[in-house]
Amino acid sequence: MKYSELIELYKTGKLSEEEKKKVEDHIKRQNAISEYLFENDEMLDLEDNDILDNVEEKKQDDGEDVFLKSVRKSIRRTFIKYGIITGTIVIIITCFVIFALPKIEDKFYYNPGEKVGSSKDIDNNRLSLDMEVYSEMFLPEKYRDSATVVSNGNGKYDVVINQTSSYNGKYNHVAGTINKNKMVLYDANLLELPTGNAFNPSGKIVNDFYEGIGAAGRKKEDFAELKKLNKEEMYNAYFTLDKVMTYQEFLNWTRKNDSLPVWCALCVTNEHSGDEAKYMTLDRTIGFRYGGCSCGRSDFDKNKYPLLTQFSLVEEIDSKSEDYYSETDVKTHILSMLKFMKDESDFVKMVEGEEDLSSDINRLSEDIKKNGIHIYGFFTVDDKEELLRLSKLDGIDYVYTTPIE
């Protein structure tokens, strides 16, 4: 006999007492099984449960359907349990997307706020150090050694590149964004390089692309421009030497002439000179800070990049109680900057776009290691009177000035 037929007989009271007791015992057993499954976090298998097979039958004395009541109770408990589980999973996923995923995505992009160095007392972020080295090498007029960074997650950052020193009392703090290795500054002039022919070396001394025509015109015309300057203002000035000097020769020249240039332009040895000049300029004007104020940090990987920043050079001469940077220390400093820029490929690509600096960096690095430091010009900031004095010194061949922005 089918169980459904048995239930029908139970409902109509046509079962013997013994058969009736068996059916009621079975009902109790089904209730006990349902309670056990719920208490032990087991999902009720509604398709295989005998209760569903027999839900149409048997009413209790008060008219309640025993099987239907049992199924409804089990289903309700199951839905509550799995509703809680589902809700918990949704909350976990939401929290992951909001809080964890942005930080994970940050790992795949340039992070300007990354802490560099190991000091607990110095808060030095990646962008500050990158700008400090990059601007020292390529931006004599716009040296920057500090940046503020706010992370927005997903490789997006708000940044402010700060100006910490000024020759005319004016400060130009530049805000911008970095979004997945793309930088937008709200003053694009900050990263503008000096004009390529700001220096104008003699072709007999240094092979140069511009062949004797400088930014202020031809030689001898440039000094006339100095007389037009306002004596109340400060100016940027690029002086070209009439011969290439080693670091020690340049140091002696500055001491003799009571001069403290801010920045020096570097050239390399022409290994195949023949009848040509012994030295050559690079495709990009590259140099180092010789003087001037630095408020930068000294916290970085000193083993990998010894004397990387000008600030670390200042600390070095202070520790030796010296007045000038030694040639050995300056050489170490320049080589560390070149290596650092080569390693910071994400930053370089972000500010340079498709421009490839590796050729100039490699060439200058190898030449300094082999032949030492060679200077063919320098940058300084001063007033009209001092610039006129410098222009008349022995050793000066050309000068180009720009107003301080």
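Residues numbered from 1 in each chain as written. Predicted model: local features only at pLDDT ≥ 70, side-chain atom pairs only at ≥ 80, totals over all residues. Heavy atoms only, no water.

Novice: Describe the nonpolar core, with residues and values.
Specialist: Ranked by internal contacts, the top residues of the largest apolar core, which has 69 residues, are Leu127, Phe288 and Met341. Apart from residues lying up to four places away in sequence, Leu127 is in contact with Tyr110, Pro112, Ala147, Val149, Val159, Ile161, Ile178, Met183 and Phe347. By size, the runner-up hydrophobic cluster in this structure holds 16 residues, among which are Cys267, Tyr376, Phe379 and Val381. (Core = buried A, V, L, I, M, F, W, Y, C linked by side-chain atoms within 4.5 Å. Buried < 20%, exposed > 50% of the residue type's maximum accessible area, 1.4 Å probe, protein only. Contact = heavy atoms within 4.5 Å.)

Novice: Account for the side chain of Thr380, with residues named and values stated.
Specialist: Tracing the sequence through the fold places Thr380 in strand S13 (residues 374-383). If near-sequence neighbours (up to four positions away) are discounted, Thr380 is found in contact with Tyr235, Asn236, Ala237, Phe239, Leu260, Pro261, Val262, Leu387 and Leu390. (Helix = DSSP H or I, 4+ residues; strand = E, 2+ residues; numbered from the N terminus.)

Novice: Hey, could you go over the packing of aromatic side chains for me, with residue numbers and the actual values?
Specialist: Evaluated as defined, the whole model comprises 16 aromatic pairs. Arranged with centres 5.0 Å apart and planes meeting at 55°, the rings of Tyr134 and Phe138 form a pair that is tilted. With Tyr134 and Phe138 both in helix H5 (residues 126-138), this residue pair falls four residues apart, about one helical turn. A single burial state applies to Tyr134 and to Phe138, both of which are buried. A ring pair is formed by Phe199 and Tyr376, whose centres lie 5.6 Å apart and whose planes are at 65°; its orientation type is edge-to-face. Of this pair, Phe199 sits in the loop between strand S4 (183-185) and strand S5 (206-207) while Tyr376 sits in strand S13; the two residues are 177 residues apart in sequence, bridging distant segments of the chain. Members of the aromatic cluster, joined through ring pairs, are Phe239, Tyr247, Phe250, Trp253, Phe288, Tyr290 and Phe378. Here Lys302 stacks its cationic end above the ring of Phe300, 4.9 Å away from the centre of that ring. (Phe/Tyr/Trp six-rings, centres within 6.5 Å; stacked < 30°, edge-to-face > 60°. Lys NZ or Arg CZ within 6 Å of the ring centre and 35° of its normal.)

Novice: I'd like to hear about the side chain of Asp222, residue by residue, with values.
Specialist: When you line up the elements, Asp222 lands in helix H6 (residues 222-226). Residue classification places Asp222 among the buried residues on the basis of a relative accessible area of 1%. Not counting residues within four places of it along the chain, the set of residues in contact with Asp222 comprises Ala216, Asp397, Tyr398 and Val399.

Novice: Now, about helix H7 (residues 247-256): what can you tell me, with residues and values included?
Specialist: Turn by turn, an α-helix covers 3.6 residues, leaving residues three or four places apart pointing in a common direction. Those residues of H7 that sit buried are Tyr247, Phe250, Leu251, Trp253 and Thr254. End-on view of H7: buried residues confined to an arc of 160°, all on one side of the axis. Of the surrounding elements, those touching the buried residues of H7 are strand S8 (234-246), strand S9 (263-266), strand S12 (287-289), helix H9 (327-343), S13 and strand S14 (396-403). Trailing H7 by a residue or two, Asp258 shows a phi angle of about 50°, which is positive. (Arc of directions from axis to C-beta.)

Novice: Before we move on, can you summarise the sheet that holds S9 with the specific residues and values?
Specialist: The five strands are arranged S12-S9-S13-S8-S14 in an open sheet whose pairing can be described as antiparallel. Among the strands making up the open sheet, the edge pair consists of S12 and S14. Averaged over neighbouring strand pairs, the angle between their axes works out to 25° when direction is ignored. In terms of strand pairing, S8 meets S13 through nine bridges, oriented antiparallel. Directly across from Phe239, in S13, lies its bridge partner Phe378. (Pairing = 2+ DSSP bridges. Axes fitted to C-alpha atoms, helices over the stretch in contact; angles between N-to-C directions.)

Novice: Break down the sheet that holds S5 for me, with residues and values.
Specialist: A sheet is described by the order of its strands in space; here three strands give the open sequence S5-S11-S10, paired in mixed fashion. What marks the edges here is a single partner per strand, and that holds for S5 and strand S10 (268-269). Sheet topology note: the S5/strand S11 (residues 279-280) ladder contains two bridges and is parallel. What sits directly across from Asn207, in S11, is Met280.

Remember that the coordinates give geometry; whether it matters functionally is a separate question.
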